[in-house]
Amino acid sequence: MSCENGNCRANKCIECEVTQCANHAKTENYCSLDRIKVGTHEANPTEVKCTDCESFKLD
Ligand code: SF4
């Protein structure tokens, strides 16, 4: 489920503060997806900033 139909459901297993994402639950700081994919843009990730939510979609 996502927020695209205006029927957001906060997935309490996935905390997220990226309110610019179309999948953000908006009213609470959670993702609305059942699952997300986390990846990296680095060859050898060493810090939090090396990781990306690859399920991000601009609102
Ligand atoms: S898809 Fe990723 S960035 Fe978007 S709300 Fe969910 S966890 Fe946050």
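Presented here is an overview of the structure given in this document. Small disclaimer: the values here were computed from a predicted structure and weren't measured.

1. Here's the deal with a nonpolar patch on the surface
Together, V18, F56 and L58 give the surface a local cluster of nonpolar side chains, amounting to about 290 Å² of exposed area. With respect to the helices and strands, F56 occurs in the segment after β4 (51-53).

2. Concerning the site of the ligand
Around the ligand, the surrounding shell consists of I14, C16, C21, N23, H24, C31, L33, I36, C53, S55 and F56. Of all the cavities here, the one that holds the ligand is the largest pocket. Along the lines of polarity and charge, the residues of the shell around the ligand split into 8 nonpolar, 3 polar and no charged.

3. Re the layout of surface pockets
Looking at the largest pocket, its volume works out to about 170 Å³. What lines the largest pocket is a set of 13 residues, among which C16, V18, C21, I36 and C53 lie closest to the centre. Looking at the lining of the largest pocket residue by residue, the classes come out as 9 nonpolar, 3 polar and 1 charged.

Cut-offs and rules
- Residues numbered from 1 in each chain as written.
- Predicted model: local features only at pLDDT ≥ 70, side-chain atom pairs only at ≥ 80, totals over all residues.
- Heavy atoms only, no water.
- Patch = residues over 30% accessible without salt bridge, like charges linked within 9 Å, V, L, I, M, F, W, Y side chains within 5 Å.
- Areas by Shrake-Rupley, 256 points an atom, 1.4 Å probe, with all protein chains shown as cover.
- Salt bridge = Lys/Arg side-chain N within 4 Å of Asp/Glu carboxyl O.
- Helix = DSSP H or I, 4+ residues; strand = E, 2+ residues; numbered from the N terminus.
- Near = heavy atom within 4 Å.
- 1 Å grid on protein atoms, 1.4 Å probe; cavity = no way out; pocket = protein on both sides within 12 Å on 5 of 7 lines; lining within 4 Å.
- Sits in = over half its atoms within 2 Å of the grid points.
- Nonpolar A, V, L, I, M, F, W, Y, C, P; charged D, E, K, R; others polar.
- Points joined across faces, edges and corners; volume = space filled by probe spheres on them.

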